[in-house]
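Results of the structural survey
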Amino acid sequence: MVDSPEIGIPYLYKGLITWAFFWAFLDAFTIGANDVANAFANAVGAKTISFRTAVSIACVCELVGVIALGSTVTDAVRKKMVKVDWFRHDPYVLALGMSCVNLGSGGWVFVATTLSMPVSTTHSVVGAILGIGIATWGASGVNWGYDGGFGGVVASWFISPILSGVLAAIFYLSTKFLVLKHPDDVAVKRGIALLPVYFFFAFGVVAGFMVMKGIPALKKTPYEVTVPVTFAIGIFFGIFGYLFCVPWTRRAIVDNENLPWYTMFYICSVPVGSMGYNEENNVQDQNKVDLVETGNFNQNMPQPSMYFNQAPMMPGQAPMMVQGAYFGKDEIEDKPQNDSILTSEDAAMHAKAFQAYSKTEEMFKMLQLTTCCFFSISHGANDMANAVAPFATVWMVYSTGTVASKAEVPIWLLVYGGLALDVGLLTMGYYIMDALGNRLTLQSPSRGFCIELGAMFTVMTFSRLGVPVSTTHCISGATTAVGLCNGDVGAVNWKLVGVIFGGWLLTCPCAGIVTGLLYWAIAAAPSPVAGNGFFSGYHG
């Protein structure tokens, strides 16, 4: 090996650092458009919150995760698919390759997002780095094994969605048979009684997820510390749920008191009825009773969940009450226009899904929203490195002229990536929220809560074991499995499942081919001879 004369000389190739700066924005932008939307897609689909509210919360949570909890040191080559030491003789070649990684990875995720395919941005970066390694050294330049190599990535395509699906299905089926399937009054009482248990599991899993996956600085904390801390946090919030959430839920949801969410923290000091009652809910409940008593509505009939005034009717069929039809009708304007009306296929799929009493579902909203927020914070802290790590490597080479196994991540770069991520979510996030929302299967607060819980538990477990898994794959697998818990395969959009799985299979090769060809074309291109006036503004 022959050392390049450029070793140790900083601030060369200003065009390269400018090029890399813009493509890092693209990569972070597409992560926001595709990956971030995973966290809140179920909450939007279940009408727990509106699209605008989800985007607003996600923007804040992601920035908090990126800036406050994000890693300030990252691997020079993410996931170590290619040995960084092989580039030590030509550091600026590594910088060129990492800039192409941002372009190839971001370009593929952008295309996948416009096609409504939730793909793994982590695997997109891995595929792009594979393309760099193969273009530079051939097949021998890539770690193909299972231990930290590409083989482990391929295995995770199948392991992570299956496991997260199994866990989410267990969570949902236990909730379904313990609470949701009982008569309305019994279901509400059981749901309220089990709220402390749900708080224990939800916040326990969230705490473990943040410690083992979400906060990079705590990933290597020993089990002797993480396990007791996780259980202690779960027990604390279980007690909190019993003391504050149970009485608030009984009054706000069962008795229809008009209590803002923040009154939960001092609910014991709020006089009964002092803030009035929600008359709209009382009217809707009375309308339902009237319909049942007159025989025009069958409670046991599976009811499709759709937007206001979108009930399907067969020729000659009398108008029927659509469960949840009025729920969230004031928020229709918050959603993109292309998602304002369900297709006939979606309506038929939703009609085959199990429907629970609306007040029982209301109790799961807070739990669902909590898991979504922590999922989003964790994503900002952990997965943002997919975009900033390649550019951090470029900056390391540009500022030092050398190659190291670890690259420092300046705080301005974390802020830059976080802002780009938020822009992507604001402008294109609805594509994935639409795909993973009610288009894949019918969503509800209880379903969304179980989906997030199963996905977080899977990511937490495998991250601790060192197995590479994708949060996107886990969310998609959990959503599909919960859809199957309806007891009817028709309650899942299998065409969309096929599109999503196809996107997983295409991500690594597509990102790798595009990045490898682009890098090869630039790195092996003719270089102007110094003194001939190229790029200097002067020609003698």
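Residues numbered from 1 in each chain as written. Predicted model: local features only at pLDDT ≥ 70, side-chain atom pairs only at ≥ 80, totals over all residues. Heavy atoms only, no water.

Quick word on the UniProt feature "transmembrane region" (unreviewed entry) in the chain
As annotated by UniProt and renumbered to match this structure, "transmembrane region" (unreviewed entry) occupies residues 53-72, 92-113, 125-146, 158-180, 192-213, 225-245, 411-433 and 496-522. The span residues 125-146 is 59% helical and 0% strand by assignment, and the distance between its end C-alpha atoms comes to 18 Å. For residues 158-180, helix accounts for 100% and strand for 0%, while the C-alpha atoms at its two ends are 31 Å apart. (UniProt positions renumbered as here; feature names shortened; annotations may be inferred. Helix = DSSP H or I, 4+ residues; strand = E, 2+ residues; numbered from the N terminus.)

Some thoughts on the state of the cysteines
Under the criterion given, the structure shown has 0 disulfides. Considering cysteine sulfurs only, Cys485 is the nearest to Cys450, which forms no disulfide, with 8.6 Å between them. (Disulfide = S-S within 2.5 Å.)

Side note on the packing of helix H1 (residues 14-34) against helix H13 (residues 385-400)
Look at H1 against H13: their axes get within 8 Å of each other, and the N-to-C directions meet at 170 degrees. Judged by the inter-axis angle, H1 sits roughly antiparallel to H13. Residue-level inspection shows Lys14, Ile17, Ala20, Phe21, Ala24, Asp27, Ala28 and Ile31 of H1 in contact with H13, the latter providing Asn386, Ala387, Phe391, Val394, Trp395 and Tyr398. When grouped by side-chain class, the residues that make up the contact of H1 with H13 number 11 nonpolar, 1 polar and 2 charged. (Axes fitted to C-alpha atoms, helices over the stretch in contact; angles between N-to-C directions. Parallel < 35°, antiparallel > 145°, perpendicular 65-115°, else oblique. Contact = heavy atoms within 4.5 Å. Nonpolar A, V, L, I, M, F, W, Y, C, P; charged D, E, K, R; others polar.)

With respect to the packing of aromatic side chains
Taken as a whole, this structure holds 32 aromatic pairs when the rule is applied. For the pair Trp261 and Phe265, a centre-to-centre distance of 6.3 Å together with 80 degrees between the ring planes defines the contact as edge-to-face. The class of Trp261 is exposed, set by a relative accessible area of 59%. In this structure an aromatic cluster arises from ring pairing among Tyr11, Phe21, Phe22, Phe25, Phe29, Phe391, Trp395, Tyr398, Trp412 and Tyr416. Seen from the ring of Phe354, Lys176 lies directly overhead, with NZ or CZ sitting 4.9 Å from the centre. (Phe/Tyr/Trp six-rings, centres within 6.5 Å; stacked < 30°, edge-to-face > 60°. Buried < 20%, exposed > 50% of the residue type's maximum accessible area, 1.4 Å probe, protein only. Lys NZ or Arg CZ within 6 Å of the ring centre and 35° of its normal.)

Here's the deal with the side chain of Ser476
Examined against the element boundaries, Ser476 turns out to sit in helix H17 (residues 471-484). Each residue touching Ser476, except ones within four places of it in the same chain, is listed here: Pro118, Leu436, Leu440, Ile500 and Trp504.

Describing the environment of Gly503
Relative to the helices and strands, Gly503 is located in helix H18 (residues 494-523). Note on Gly503: relative accessible area 0%, which makes it buried. Filtering out sequence-adjacent residues up to four positions away, Gly503 remains in contact with Trp108, Met117 and Val119.

Comments concerning unusual backbone geometry
With a phi close to 60 degrees, Tyr11 is a non-glycine residue in the positive phi region. Counting through the fold element by element, Tyr11 comes out in the segment before H1. Residue Lys47 is not a glycine yet carries a positive backbone phi of 65 degrees. Relative to the helices and strands, Lys47 resides in the loop between helix H2 (36-45) and helix H3 (51-69). On the basis of relative accessibility, which here comes to 15%, the residue Lys47 falls in the buried class.

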